[in-house]
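These are the residues of each chain, in order.
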Amino acid sequence: MPSDTLDAPAVPAAAPPGADAAVPRIVPRRRPGRWAAAVLVLVLAALAVTSVVRNPAFQWGVVADYFLTDAVLRGLGLTLWLTAVVMVLGFAVGTLLAVLRLSGNPVLRGVAWGYVWLFRSMPILVQLLFWFNIGALYPVVLGVRTVDLLGPVTVAVIGLTLHEAAYAAEVVRGGILSVDKGQLEAAQSLGLGAWRRLRRIVLPQAMRSIVPPAGNMLIGTLKGTSIVSVIAVQDLLYSVQLVYHRTYQVIPLLLVATIWYVVVTSVLGVGQHYVERHYARGTAGAR
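What counts and how
Residues numbered from 1 in each chain as written. Predicted model: local features only at pLDDT ≥ 70, side-chain atom pairs only at ≥ 80, totals over all residues. Heavy atoms only, no water. Helix = DSSP H or I, 4+ residues; strand = E, 2+ residues; numbered from the N terminus. Rg over C-alpha atoms; globule rule 2.2 N^0.38 Å. Buried < 20%, exposed > 50% of the residue type's maximum accessible area, 1.4 Å probe, protein only. Contact = heavy atoms within 4.5 Å. Areas by Shrake-Rupley, 256 points an atom, 1.4 Å probe, with all protein chains shown as cover. Lys, Arg positive; Asp, Glu negative; His and termini not counted. Charge placed at Lys NZ, Arg CZ, Asp CG, Glu CD. 1 Å grid on protein atoms, 1.4 Å probe; cavity = no way out; pocket = protein on both sides within 12 Å on 5 of 7 lines; lining within 4 Å. Points joined across faces, edges and corners; volume = space filled by probe spheres on them. Core = buried A, V, L, I, M, F, W, Y, C linked by side-chain atoms within 4.5 Å. UniProt positions renumbered as here; feature names shortened; annotations may be inferred. Phe/Tyr/Trp six-rings, centres within 6.5 Å; stacked < 30°, edge-to-face > 60°. Salt bridge = Lys/Arg side-chain N within 4 Å of Asp/Glu carboxyl O. pLDDT = per-residue confidence, 0-100. Expected span 1.5 Å × (residues − 1). Bend = angle between axes of the 7 residues up to and from the residue.

**A short note on the overall build of the protein chain**
In step 1: Assigned secondary structure in the protein chain consists of twelve helices and two strands.
In step 2: Counting from the amino terminus, the protein chain carries its helices and strands in the arrangement α-α-α-α-α-α-β-β-α-α-α-α-α-α.
In step 3: The C-alpha atoms of the protein chain give a radius of gyration of 30 Å, which is well past the 19 Å a tight globule of 287 residues would have.
In step 4: Counting over 287 residues, the protein chain shows a buried share of 31%.
In step 5: Across the protein chain, every contact between residues at least 6 apart in sequence was considered, and the portion connecting residues at least 24 apart equals 75%.
In step 6: If you sum the accessible surface of the protein chain, you get close to 18,300 Å²; carbon and sulfur atoms cover 67% of it.
In step 7: Here the protein chain contributes 23 positive and 12 negative side-chain charges, whose respective centroids are spaced 5 Å apart.

Now the structure itself:
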């Protein structure tokens, strides 16, 4: 018998009629425990929401009356302005610090490391109180009394910016380190200077790693601005405090501030999602 006949693969026999009906049907595994847990969680959540909505101690009518008042909206505007200014200045200083930390100059690298170490070690409240009382150390700067030079809003901007810059430096440094070194070598081979390499090659690719923690920092900064109320900056929290010190309606006024914080952080969260998706184009993280 020829060898090619012996080596030919065997042809499977034709399936008998009705064989498909004998194949067992695949049924998803039932998970009664998972469904029971889901029902329990939904019931508890419904009870919690009902207790909050129907509890007269929350005084939802008072919340509605003060939610859009001029004082609250002015405080909200200052909170948003302070958040924007602190984030822009904080990341500007933080980017400079990140570049210095990656510098080949040991002095610049050490100074940048010392700045990050110092301001990350100090509580933000201590920093604000320190700057608020800076006049005790330097009563006059450039011929101007520091009491007149540094008002509460200026102190808030300086204190929050220096604090955020320390964290932004680490965020930017981590993003820069995430860029493949081959990209830098290719840019160097093209004769691009250090600044152009950073601006045109490194930062656009590093943004994929920078945006998620930067978005979290933005939301944290928005909520963290409430701490400036201790130095009499009329932000959102301080504005509602002025009202409830007069009316003694503490709970509903705190709810007004809470709802505004929730609304703004939710909007920022949606914006963060789209920014992340923009910089994740062409990668596995795009969705």
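Next comes the rest of the write-up.
**Comments concerning the layout of surface pockets**
In step 1: As a volume, the largest pocket reaches approximately 410 Å³.
In step 2: What lines the largest pocket is a set of 14 residues, and nearest its centre among them are Leu102, Ile176, Leu184, Leu198 and Val202.
In step 3: Taken together, the elements giving at least two residues each to the lining of the largest pocket come down to α8 (152-177), α9 (181-189) and α10 (194-224).
In step 4: Take the lining of the largest pocket: its biggest share by element is five residues, from α10.

**Quick word on the nonpolar core**
In step 1: Of all hydrophobic cores here, the largest spans 19 residues; its most connected members are Leu236, Val240, Leu253, Val256 and Trp260.
In step 2: Those elements that place two or more of their residues in this core are α3 (60-66), α4 (70-101), α11 (236-247) and α12 (250-279).
In step 3: At seven residues, the largest contribution of residues to this core is made by α12.
In step 4: The contacts of valine 256, once residues within four sequence positions are left out, are Val63, Tyr66, Phe67, Val72 and Val240.

**A few points about the UniProt feature "transmembrane region" (unreviewed entry) in the protein chain**
In step 1: Here, UniProt's "transmembrane region" (unreviewed entry) annotation points to residues 35-58, 78-100, 112-132, 217-238 and 250-271.
In step 2: Along residues 217-238 the backbone is 50% helical and 0% strand, and the end-to-end C-alpha distance reaches 22 Å.
In step 3: Secondary structure within residues 250-271 divides into 100% helix and 0% strand; the distance between the first and last C-alpha atoms comes to 32 Å.

**Focus: the packing of aromatic side chains**
In step 1: All chains considered together, the criterion is met by five aromatic pairs.
In step 2: Plain terms: the ring middles of phenylalanine 67 and tryptophan 260 are 4.5 Å apart, the flat faces sit at 0° to each other, and that makes the pair stacked. With a gap of 193 residues between them, phenylalanine 67 in the loop between α3 and α4 and tryptophan 260 in helix α12 connect regions that are remote in the sequence.
In step 3: Take tryptophan 260: its relative accessible area is 13%, and that puts it in the buried class.

**Examining the pattern of salt bridges**
In step 1: Per the counting criterion, the structure on display carries two salt bridges.
In step 2: Two residues, glutamate 170 and arginine 101, come together in a salt bridge whose shortest N-O distance is 2.6 Å. Residue glutamate 170 is found in helix α8, and its partner arginine 101 is found in helix α4; the two are separated by 69 residues along the sequence.
In step 3: On the basis of relative accessibility, which here comes to 19%, the residue arginine 101 falls in the buried class.
In step 4: One salt bridge in this structure joins glutamate 170 and arginine 173, with 3.0 Å as the shortest N-O distance. Taken together, the positions of glutamate 170 and arginine 173, both in helix α8 and three residues apart, correspond to about one turn of that helix.

**Overview of the confidence of the model for the protein chain**
In step 1: For the protein chain, the mean per-residue pLDDT works out to 85, and 90% of the residues sit at or above 70.
In step 2: Across residues 1-6 the pLDDT falls below 50, and counting only partners more than four positions away or on other chains, this stretch makes one contact in the model.

**Describing the UniProt feature "domain: ABC transmembrane type-1" (unreviewed entry) in the protein chain**
In step 1: Under the UniProt annotation, "domain: ABC transmembrane type-1" (unreviewed entry) lies at residues 76-269.
In step 2: When the span residues 76-269 is considered, its composition is 79% helix and 2% strand, and the gap between its end C-alpha atoms is 18 Å.

**Some words on the side chain of serine 229**
In step 1: By secondary structure assignment, the location of serine 229 is in the loop between α10 and α11.
In step 2: Residues contacting serine 229, with those up to four places away along its chain left out, are Asp235, Leu237, Tyr238 and Gln241.

**Remarks on the environment of arginine 277**
In step 1: Mapping arginine 277 onto the fold places it in helix α12.
In step 2: Note on arginine 277: relative accessible area 36%, which makes it partly exposed.
In step 3: The sequence separation of arginine 277 and valine 211 amounts to 66 residues, and the corresponding C-alpha distance is 9.9 Å.

**Overview of α8**
In step 1: With 26 residues, α8 should reach 38 Å at 1.5 Å per residue; the first-to-last C-alpha distance of 38 Å fits that figure.
In step 2: Along its length, α8 shows its largest kink, about 25°, at alanine 165.

**A look at the side chain of serine 239**
In step 1: As for its placement among the helices and strands, serine 239 is situated in helix α11.
In step 2: In contact with serine 239, not counting residues within four places along its chain, are Ala71, Gly75 and Gln234.

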